[in-house]
Amino acid sequence: CEGKTANVYLRIPAKGKGKGKIQISVNGAFHELDALTDGEAISTGQKVRITEILDGETLKVTPL
């Protein structure tokens, strides 16, 4: 998943202060996963790049 792009489904709060959700397509199937960011808040609908897998269900992302 690292390096792939995804769409923000639920707003991601700034600086890791909460989780949002992203939608990513894997092999033609959409998945919703929790996401955090170290930077500013990321709004619903924005595209992000996955930078790190924190655990099986949570990803760290940065805006594109």
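Criteria and cut-off values
Here the residue index of a chain counts from 1 through its sequence in written order. Whole-chain, interface and lining totals are the exception, using all residues; otherwise, since this is a predicted model, local features are given only for residues with pLDDT of at least 70 and side-chain atom pairs are given and counted only at 80 or more. Side-chain calculation: all heavy atoms of the structure are included, whereas hydrogens and water are not. Helix and strand definitions follow DSSP, with helices as H or I runs of at least four residues and strands as E runs of at least two, each counted in order from the N terminus. For a compact globule the rule gives 2.2 Å times the number of residues to the power 0.38, and the radius of gyration it is set against comes from C-alpha atoms. Working definition: with a 1.4 Å probe on protein chains only, accessible area under 20% of the residue-type maximum means buried, over 50% means exposed, and in between means partly exposed. The contact criterion used throughout is that any non-hydrogen atoms of two residues lie within 4.5 Å. His is not counted, nor are the chain ends, whereas Lys and Arg count as positive and Asp and Glu as negative. Just so you know, the charge point we use is NZ for Lys, CZ for Arg, CG for Asp and CD for Glu. Joining through side-chain atoms within 4.5 Å is the link that ties buried Ala, Val, Leu, Ile, Met, Phe, Trp, Tyr and Cys residues into a set, and such a set is a nonpolar core. For this document, the term salt bridge refers to a Lys or Arg side-chain nitrogen within 4 Å of an Asp or Glu carboxyl oxygen.

(A) How the structure looks around the overall build of the chain. When its secondary structure is counted, the chain shows zero helices and five strands. Relative to its length of 64 residues, the chain is compact, with a C-alpha radius of gyration of 10 Å against a globular reference of 11 Å. In terms of overall dimensions, the chain has a C-alpha envelope of 30 × 25 × 15 Å along the principal axes. Each of the 64 residues in the chain was classed as buried or not, and the buried ones make up 30%. Nonlocal contacts in the chain, meaning residues at least 24 apart in sequence, comprise 42% of its contacts between residues at least 6 apart. Side-chain charges in the chain split into 9 positive and 8 negative, and the spacing between the mean points of these groups amounts to 5 Å.

(B) Quick look at the nonpolar core. Ala-6, Val-8, Ile-12, Ile-22, Ile-24, Leu-33, Ala-35, Ile-42, Val-48, Ile-50, Leu-59 and Val-61 together form the largest nonpolar core, which totals 12 residues. Elements that contribute at least two residues to this core include exactly β1 (5-10), β2 (20-26), β3 (29-36), β4 (47-53) and β5 (58-63). In contact with Val-61, other than residues within four places in its own chain, are Ile-12, Ile-22, Ala-35, Leu-36, Thr-37, Ile-42, Val-48, Arg-49, Ile-50 and Thr-51.

(C) Seen up close, the pattern of salt bridges. Summed over the entire model, instances satisfying the criterion amount to four salt bridges. Note that Lys-15 and Glu-40 form a salt bridge whose closest N and O atoms lie 3.3 Å from each other. Of the two residues, Lys-15 sits in the loop between β1 and β2 while Glu-40 sits in the loop between β3 and β4, which places them 25 residues apart along the sequence. On the basis of relative accessibility, which here comes to 57%, the residue Glu-40 falls in the exposed class. Asp-38 is the partner of Lys-60 in a salt bridge, and the nearest nitrogen-oxygen pair spans 3.3 Å. Note that Lys-60 is positioned in strand β5 and Asp-38 in the loop between β3 and β4, a separation of 22 residues in sequence.

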